[in-house]
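Secondary and tertiary structure notes
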Amino acid sequence: MRTQAINDPASIVPRLQRVAENGETEQTCLESFPFTIGRNSDCDLQIESPKVSREHAVINSDRDGFHVEDLESTNGTMVNGREIQRADLKDGDILVIADIEFTFAATPPTGRRDTITMAIGEAAGSDALADTSYRLIREIRRLHEMLTHRGVRCNVSPIMDLREDRPFGFQASNPFQDESTPSSREAQAILATDSRLAEQLCYLNRLIVAEESLHHAEHTNLFLRLHQSEIGGDSLIESLESLAEILSDRHQLVVTVPAASAGLTSYFSEIRRRLSEIGALVAYDDFEASPAQLSQWSNEPPDFVKLAPSLVTGIGQQRQRRRLLTSLLDTGVDLQIRMVATGLRDDLDVQVCQELGCPLGEGPVFGCRPVSTAFQDIDIAAGIVELAGTG
């Protein structure tokens, strides 16, 4: 027998977490409801900012959970990047009061440890399970900290116009692809089962990239990825609409969707319709099937298809793959789909794709940069073009 900690839902005290200017996390417990937020001294949470209204917002609790309501404030209230009048609050949601950002936390407080005794195996088996449980708990905490501190690692890769040797756009990396720590396996397991946490991290990744892209003076195409776990989510459309509002007419939003999820359900058709309404384009990612699969999308073709690295990398030495790529490119032209060759590793890959008529390319040969610097250094394009044309 082994004693394990459990959490009583009734013991959960929600909190508002904020990163202060000194880098420390400030935490306010919501111990009673309604919980008022505003500039007035009699508010439960007083915020001394001229942009915050005297009575700005109120958080309530009922049997269905927690809710926030804007009290006709001057500068508004936002949840996960979208302005609201009233909205549900869930663990990890980003709540913005005027220009002050909080993370809503509704996980059990770490100081309390109720226990239950149960049989979970003997000796070594129990120790191994306990060790796995510890690593998972530690990883869950780390992922929540990433949300709280906007600590998602964001990189972007340039997409090049191979015909004109100039930058065409930027592809944001998968928010979990850059995880190179020993705990990444635990993170992948958690994100595969906790779709809410995965959705929040994905949204934060896209939000950071969209915000940073506004430093890029020239109009460009911004490719932002959806994670497999987000497909089917109720809030996906709203989160993409909020990104389109941020980008406005500065950049073109291109939503990158896993090809395996594309066009399978009425839900996805609705996504395509709504994206079209807000002027967003669609790219199907990691495509590695045949021209026949492309033809199945003829009634509603995507704007872009990103060919998987397995079709492209090292293509200079693979005659059979060159024939397949030629056939895919021809089908793309017939369907008016712009094809993107991904995984280009060297000048030979670039040269072969140019000769075969592939319009766009992406890969290590063109580099990859942290989002914090990628859009500020406009001269990156010159270096990319020079690299692609050497040899």
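What comes next is a walk through the structure. Along each chain, residues carry numbers from 1 onward, in the same order as the chain's sequence is written. Given that the model is predicted, a residue must reach a pLDDT of at least 70 before its local features are reported, and side-chain atom pairs must reach 80 or more before they are shown or counted; all residues, however, enter totals for whole chains, interfaces and linings. Note that water and hydrogens are dropped before the side-chain values are worked out from all heavy atoms of the structure.

Within the protein one finds 11 helices and 22 strands. For every residue, the accessible area (1.4 Å probe, protein chains only) is compared with the maximum for its type, and the residue is labelled buried under 20%, exposed over 50%, or partly exposed between those bounds. Residues classed as buried in the protein amount to 46% of the 391 residues present. The contact rule is simple, with two residues in contact once any of their heavy atoms fall within 4.5 Å. Residue pairs at least 24 apart in sequence account for 60% of intrachain contacts in the protein once pairs closer than 6 positions are excluded. Only the protein chains shown count as cover for residues, with accessible areas throughout obtained via the Shrake-Rupley method and a probe of 1.4 Å. Surface accessibility of the protein: about 19600 Å² in total, with carbon and sulfur atoms responsible for 46%. Only runs of H or I of at least four residues qualify as helices and only runs of E of at least two qualify as strands under DSSP, and these elements are numbered from the N terminus.

Note on geometry: axes are C-alpha line fits, over the in-contact stretch for helices, and angles between N-to-C directions span 0 to 180 degrees. One can describe the packing of helix α4 (residues 236-247) onto helix α5 (residues 266-277) by two numbers: an axis separation of 11 Å at closest approach and a directional angle of 20 degrees. One element, α4, and the other, α5, form an angle in the roughly parallel class. Every pair of crossing elements has a handedness; the one defined by α4 and α5 is right-handed. Facing α4, whose interface residues are Leu236, Ile237, Glu238, Leu240 and Glu241, α5 presents Tyr267, Ile271, Arg274 and Leu275. Considering only residue class, the contact of α4 with α5 consists of six nonpolar, no polar and three charged. An angle below 35 degrees is read as roughly parallel, one above 145 as roughly antiparallel, one from 65 to 115 as roughly perpendicular, and any other as oblique. Here is the rule for handedness: rotate from the far helix to the near one, and if that takes an anticlockwise turn smaller than a right angle the crossing is left-handed, while a clockwise turn gives right-handed. Ten residues, namely Ala, Val, Leu, Ile, Met, Phe, Trp, Tyr, Cys and Pro, are considered nonpolar, four, namely Asp, Glu, Lys and Arg, are considered charged, and the remaining ones, Gly among them, are considered polar.

A separate point is unusual backbone geometry. Residue Pro34 is bonded to the preceding Phe33 through a cis peptide linkage, with omega at 0 degrees. Inspection of the secondary structure assignment puts Pro34 in the loop between β3 (25-29) and β4 (35-38). For Ser248, which is not glycine, the phi torsion reads 50 degrees and is therefore positive. Mapped onto the elements of the fold, Ser248 is located in the loop between α4 and β17 (252-258).

Below, the discussion takes up the environment of Val350. Here Val350 shows up in helix α9 (residues 347-356). In this structure the C-alpha to C-alpha distance between Val350 and Gly314, which are 36 residues apart in sequence, comes to 9.8 Å.

Turning our attention to the sheet that holds strand β7 (residues 65-70). By this definition, two strands are paired if DSSP reports at least two bridges between them. Spatial strand order, β5-β4-β6-β7-β10: five strands in an open sheet with mixed pairing. Pairing within the sheet leaves two strands with one partner each, and these edge strands are β5 (45-46) and β10 (86-89).

Our next topic: the pattern of salt bridges. Definition used for salt bridges: Asp or Glu carboxyl oxygen within 4 Å of a side-chain nitrogen of Lys or Arg. Tallying each qualifying case throughout the model produces nine salt bridges. Glu277 is the partner of Arg273 in a salt bridge, and the nearest nitrogen-oxygen pair spans 2.3 Å. Placement of both Arg273 and Glu277 in helix α5 is noted, with a separation of four residues, approximately one turn of the helix. Of the residues examined, Arg273 reaches a relative accessible area of 41% and is grouped as partly exposed. Overall, Glu277 belongs to the exposed group, its relative accessible area being 53%. Ionic contacts of the salt-bridge type, sharing partners, join the residues Arg82, Glu241, Glu270, Arg273, Arg274 and Glu277 into one network.

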